[in-house]
Amino acid sequence: MAVVSRGFGGRRQVDPQVPPGQYRTDDFPVLTAGPTPLIGTVNWTLDVTGVDGASHSVSWQQLMALPVEDVTVDLHCVTKWSKLGTRWRGVPVAEVLGAVGADLEGVEYVMAHSHGGYTTNLPLRDLLHGQAWVAFEFDGSALAAAHGGPARLLVPHLYLWKSAKWVNGLELLREDRLGFWENFGYHPYGDPWREQRYAGD
Ligand SMILES: Nc1nc2c(c(=O)[nH]1)N[C@H]1C(S)=C(S)[C@@H](COP(=O)(O)O)O[C@H]1N2
Ligand SMILES: [Mo]
């Protein structure tokens, strides 16, 4: 007779606050493909490039003049750690796009660009409606360089590779293109609750 022991509960305890396959950590690991660039705010710019190829730059001073939001969000990294209840301050991406008068007609996707050449692609709608920020403070202090300071994209409802550190460009697109990790087989969208880690998940 085959006896299969499943332990006392029958099933593994599932933590409803973290997506499937994730575990909680209180650490804040640093994950960067390459060296940490040291970027000051004086010459900082974020270029918004429209589908017509025209670019509009946002300076640090202009960014600081835009409405800010304080948000407390959960982070989910595809390497399986989740960090719950993290506090950030940032400018909603919709405010940045509005400030440069970006023409969103026909725009379906955005390629985020970073210093050093990192890229990641997202649907435009995921950057609007209070779901995404250009974040410049973490836990009440200026965002550390290792975590993307002076400013990074923060898109916490998607896996953390979508939150481009040292963001310096938002390229508006009619059609989706793959970013850095997406080109290596990571999922084009990356919803942690649907466990979209790799293309095809
Ligand atoms: N510019 C840039 N942004 C990046 C990365 C990177 O290598 N370069 N790594 C991504 C990945 S894979 C993750 S998991 C998160 C890690 O953010 P953290 O180092 O603040 O934890 O940043 C994302 N943003
Ligand atoms: Mo990652």
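About the criteria used
- Each chain carries its own residue numbering, running from 1 in the direction its sequence is written.
- Each chain takes a letter, starting from A, and each ligand takes a number, starting from 1, following the order in which they are written.
- Totals for whole chains, interfaces and linings use every residue, but because this is a predicted model, local features are given only for residues with pLDDT of at least 70 and side-chain atom pairs only at 80 or more, for both listing and counting.
- Excluded from the side-chain calculations are hydrogens and water; all other atoms, namely the structure's heavy atoms, are used.
- The criterion for a residue being near a molecule or strand is simple. One of its heavy atoms has to lie within 4 Å of it.
- Polar contacts, as used here, are pairs of N or O atoms within 3.5 Å; protein pairs need one atom able to donate a hydrogen and one able to accept it. Residues neighboring in sequence count only if both atoms are side-chain atoms.
- Only the protein chains shown count as covering a residue, and every accessible area follows the Shrake-Rupley method with a 1.4 Å probe.
- In this analysis, the protein atoms alone were mapped onto a 1 Å grid. Cavities are point sets where a 1.4 Å probe fits without being able to get out; pockets are open sets with protein on both sides within 12 Å along at least five of seven lines; lining residues have an atom within 4 Å of a point.
- Pocket occupancy is defined atom-wise: a molecule lies in a cavity or pocket when more than half of its atoms are within 2 Å of its grid points.
- Charged residues are taken to be Asp, Glu, Lys and Arg, nonpolar residues to be Ala, Val, Leu, Ile, Met, Phe, Trp, Tyr, Cys and Pro, and polar residues to be all remaining types, Gly included.
- Put simply, DSSP marks the helices as runs of H or I at least four residues long and the strands as runs of E at least two long, and each gets a number from the N terminus on.
- Residues are treated as being in contact if the distance between any of their heavy atoms lies within 4.5 Å.
- The term salt bridge refers to a pairing of a side-chain nitrogen on Lys or Arg with a carboxyl oxygen on Asp or Glu at a separation within 4 Å.
- For every residue, the accessible area (1.4 Å probe, protein chains only) is compared with the maximum for its type, and the residue is labelled buried under 20%, exposed over 50%, or partly exposed between those bounds.
- Grid points are joined across faces, edges and corners, and a volume is the space filled by probe spheres set on the points.

**Examining the site of ligand 1**
- Looking at ligand 1, there are 19 residues lining it, with Pro29, Ala33, His147, Arg152 and Lys165 nearest.
- Arginine 152 is positioned such that a nitrogen or oxygen atom in its side chain is 2.8 Å from an oxygen atom of ligand 1.
- The side chain of lysine 165 places a nitrogen or oxygen atom 2.6 Å from an oxygen atom of ligand 1.
- Isolated, ligand 1 exposes 530 Å² of accessible area, and the fraction of that covered by the protein chains is 96%.
- For ligand 1, the cavity whose grid points lie within 2 Å of the majority of its atoms is the largest pocket.
- Grouping the constituent residues of the shell around ligand 1 by class yields 13 nonpolar, four polar and two charged.

**Thoughts on the environment of alanine 146**
- Assignment of secondary structure puts alanine 146 in the loop between β9 (141-142) and β10 (152-154).
- Residue contacts for alanine 146: discarding those within four places in its chain leaves Val30, Thr32, Thr36, Lys165 and Trp166.

**Thoughts on the pattern of salt bridges**
- Summed over all chains, the structure comprises seven salt bridges.
- We note a salt bridge from arginine 24 to aspartate 15, for which the minimum N-O separation is 2.6 Å.
- A relative accessible area of 43% places arginine 24 in the partly exposed class.

**What about the layout of surface pockets?**
- Taken as a whole, the largest pocket holds about 510 Å³ of empty space.
- Partitioned by chemical class, the residues of the lining of the largest pocket number 18 nonpolar, nine polar and two charged.

**Some points on the side chain of histidine 187**
- Its location among the elements puts histidine 187 in the segment after α3 (180-183).
- A polar contact of 2.9 Å, which involves the side chain of histidine 187, links it to the backbone nitrogen of tyrosine 189.
- Each residue touching histidine 187, except ones within four places of it in the same chain, is listed here: Trp161, Lys162, Glu182, Gln196, Arg197, Tyr198, Ala199, Gly200 and Asp201.

**Considering unusual backbone geometry**
- Here glycine 149 and proline 150 are connected by a cis peptide whose omega angle stands at 15 degrees.
- Turning to its location among the elements, proline 150 is positioned in the loop between β9 and β10.
- At aspartate 139, a position not held by glycine, the phi torsion is positive, near 55 degrees.
- You can see aspartate 139 is positioned in the loop between β8 (133-138) and β9.
- For aspartate 139, a relative accessible area of 45% gives the class partly exposed.

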